[in-house]
Amino acid sequence: MQHPENDKAYKGLAVNSGVSSQPTVNPYRQLRRRRQLSVNDYVEGILKGDVSVLGRAVTLVESTAEAHQSVAQEVIEKCLPHSGHSRRIGITGVPGAGKSTSIDVFGLHVLRQGHKLAVLAIDPSSERTHGSILGDKTRMEKLSVQPDAFIRPSPSAGSLGGVARKTRETIVLCEAAGYDRIFVETVGVGQSETAVHSMVDFFLLIQLAGTGDELQGIKRGIMEMADGIAINKCDGDNVDRAKLAAAQFRNALHLFPPTPSKWRPEVVTYSGYYEYDIDKVWDMIDRYFEYVERTGYFERKRQEQEKYWMIETINEQLRSKFYNTPEVAALLEQKELRVLNNEQSSFTAAKDVLDFYFERLRAEAGRCD
């Protein structure tokens with residue numbers, strides 16, 4: 001490139017030639033692709049407790065690619081006989097209640113008791129970009145460096161209320177890898193709690209004092225699902241308010257009908273930041289498990305959950321099959337236009353699309369015969 005500054009008319013000025021562009025990748029570094037693992041490689045690695053293989057298996061489970069899904073389902077089937085030997089605990093609460101901080105100290109308490117812990121933290125995905133921060137490990141500083149703890153943040157991927165679609169399968173893999181305590185953290189109070197409740201044994205609701213929730217028609221759906229309530233930030237000047245909130249929650253719980261397990265949910269106070277009374281929370285959880293194992297409710301609930309997830313999987317597969325059928329997608333576009341132009345009602349349009357789909361299935365079945 002010629003620079004006018006180098007002209008003789010501009011004495012004392014000169015522009016030196018720049019260096020040629022350098023490669024952005026170190027030419028001396030050999031790039032090696034990771035070896036593709038077989039189903040047996042995955043299963044053997046998981047059963048040995050290999051965290052790297054477990055992480056890759058979870059990524060496989062979360063993938064939407066059909067090739068990945070077929071491998072993932074084989075891995076899950078082979079890991080299934082080695083699962084089911086853990087305590088699954090769901091943890092929810094409003095944003096800012098201190099869920100991640102609490103999980104950090106709860107997890108350390110569990111590890112001191114000689115257990116292995118897996119934390120499945122659900123991160124909300126953006127409705128616009130579908131991206132997630134996945135920063136839960138940064139908020140669990142102490143737990144994230146423990147060798148017996150496996151922390152896996154997963155994007156909610158637009159599923160109901162922010163619950164990751166594959167969390168249930170991930171639990172199976174973690175149990176097969178030897179983790180006998182599973183925490184499932186939700187993104188906050190909302191519809192996601194219903195799905196989390198259907199995959200855990202104990203459902204812990206973390207609350208704060210002075211937020212207006214104590215008597216403001218306390219979210220009945222969440223309260224009815226909770227097996228225990230823990231009032232966080234019971235420290236310093238907030239101790240009296242936390243104890244008052246605990247008393248109000250206990251009074252509110254008396255107004256609810258008995259739980260299916262007949263267990264009366266307990267309310268305790270603690271401080272996650274200062275690690276006060278963490279043992280009180282865990283003693284409550286231990287009492288619950290002793291009760292449900294003695295009454296046989298623990299096994300009954302697990303069986304109900306298996307049926308629930310079978311039906312959910314069928315529903316999901318049917319929706320996917322329906323909407324991914326090209327002819328159905330084309331007909332849907334036509335019907336949408338007719339509905340928007342007031343040429344047809346929403347209900348008759350829906351019936352036409354469904355009738356078309358079922359007729360297509362019958363025709364395919366006839367050809368197979």
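Section: the overall build of the protein chain
And step 1. Along the backbone of the protein chain there are 13 helices and 7 strands.
And step 2. The buried share of the protein chain, reckoned over its 369 residues, is 43%.
And step 3. The contacts of the protein chain with a sequence gap of at least 6 include a subset with a gap of at least 24, amounting to 73%.
And step 4. As presented, the protein chain carries roughly 21,500 Å² of accessible surface, and 53% of it is formed by carbon and sulfur atoms.

Some words on the pairing of strand S5 (residues 202-207)
And step 1. In terms of burial, S5 is a largely internal element, 6 of the 6 residues being buried.
And step 2. Side chains Phe202, Leu204 and Ile206 of S5 all project onto a buried face; the interleaved residues Phe203, Leu205 and Gln207 project onto the opposite face, where all are buried too.
And step 3. Where strand S1 (residues 87-93) meets S5, 5 bridges bridge the pair, whose relative direction is parallel. Looking at S5, one finds that Thr92 is bridged to Leu205.
And step 4. Two elements, S5 and strand S6 (residues 228-231), share 4 bridges in a ladder whose sense is parallel. Within S6, the residue paired with Ile206 across the bridge is Ala230.

Brief notes about the environment of Val71
And step 1. Within the secondary structure layout, Val71 lies in helix H3 (residues 66-79).
And step 2. A relative accessible area of 24% places Val71 in the partly exposed class.
And step 3. For the pair Val71 and Val39, spaced 32 residues apart in sequence, the C-alpha separation works out to 6.5 Å.
And step 4. Setting aside anything within four residues of it in sequence, one finds Val71 in contact with Val39, Tyr42 and Leu60.

Details of the pattern of salt bridges
And step 1. Tallied over the entire structure, the rule returns 16 salt bridges.
And step 2. The salt bridge partner of Glu169 is Lys166, with a shortest N-O separation of 3.9 Å. Pair check on accessibility: Glu169 and Lys166 agree, each one buried.
And step 3. For Arg338, the salt bridge is made with Glu343, and the minimal N-O distance between the two is 3.5 Å.
And step 4. Among the ionic contacts, a cluster of salt bridges with common partners joins Glu327, Arg360 and Glu364.

With respect to unusual backbone geometry
And step 1. Here the phi dihedral of Glu275 falls at roughly 60°; this positive angle occurs in a residue that is not glycine.
And step 2. Taking the relative accessible area as the measure of exposure, Glu275 reaches 33% and is therefore partly exposed.
And step 3. Non-glycine residue Asn342 carries a positive phi angle of around 60°.
And step 4. Structurally, the position occupied by Asn342 is in the loop between helix H12 (326-340) and helix H13 (346-368).
And step 5. In this structure Asn342 comes out as exposed when scored by relative accessible area, which is 71%.

So, the confidence of the model for the protein chain
And step 1. Looking at the protein chain as a whole, the pLDDT averages 83, with 79% of positions reaching at least 70.
And step 2. Across the protein chain, element-level confidence peaks in helix H10 (residues 278-295) with a mean pLDDT of 96 and bottoms out in helix H5 (residues 136-139) with 55.
And step 3. Within the model, the stretch residues 125-135 combines pLDDT values under 50 with 20 contacts to residues more than four positions away or in other chains.

Points about helix H2 (residues 51-62)
And step 1. When the terminal C-alpha atoms of H2 are compared, their 16 Å separation across 12 residues agrees well with the 16 Å that a helix rising 1.5 Å per residue should span.
And step 2. Listed in full, the buried residues belonging to H2 are Val53, Leu54, Gly55, Arg56, Ala57, Val58, Leu60 and Val61.

Comments concerning the nonpolar core
And step 1. Counting residues in hydrophobic clusters, the biggest one holds 49 residues, and the most contacted among them are Ile46, Leu54, Leu173, Ile229 and Ile231.
And step 2. Not counting residues up to four positions away in its chain, the partners in contact with Leu173 are Ile46, Leu54, Ala57, Val58, Val61, Val75, Ile76 and Cys79.
And step 3. With 35 residues, the next largest nonpolar core counts Val110, Ile206, Leu208 and Met284 among its residues.

Topic: the packing of aromatic side chains
And step 1. In this structure the tally under the stated criterion is 15 aromatic pairs.
And step 2. Where Phe106 meets Trp282, the ring centres are 5.8 Å apart and the plane angle is 45°; that geometry is what we call tilted. Of this pair, Phe106 sits in helix H4 (residues 99-112) while Trp282 sits in helix H10, and the two are 176 residues apart along the sequence.
And step 3. A relative accessible area of 3% places Trp282 in the buried class.
And step 4. A ring pair is formed by Tyr288 and Phe289, whose centres lie 5.6 Å apart and whose planes are at 85°; its orientation type is edge-to-face. The same class applies to Tyr288 and to Phe289, which are both buried.
And step 5. Put simply, the rings of Phe202, Trp263, Tyr288, Phe289, Tyr291 and Phe298 touch in pairs and so form one group of aromatic residues.

Reading the values: the criteria
- Residues numbered from 1 in each chain as written.
- Predicted model: local features only at pLDDT ≥ 70, side-chain atom pairs only at ≥ 80, totals over all residues.
- Heavy atoms only, no water.
- Helix = DSSP H or I, 4+ residues; strand = E, 2+ residues; numbered from the N terminus.
- Buried < 20%, exposed > 50% of the residue type's maximum accessible area, 1.4 Å probe, protein only.
- Contact = heavy atoms within 4.5 Å.
- Areas by Shrake-Rupley, 256 points an atom, 1.4 Å probe, with all protein chains shown as cover.
- Pairing = 2+ DSSP bridges.
- Salt bridge = Lys/Arg side-chain N within 4 Å of Asp/Glu carboxyl O.
- pLDDT = per-residue confidence, 0-100.
- Expected span 1.5 Å × (residues − 1).
- Core = buried A, V, L, I, M, F, W, Y, C linked by side-chain atoms within 4.5 Å.
- Phe/Tyr/Trp six-rings, centres within 6.5 Å; stacked < 30°, edge-to-face > 60°.

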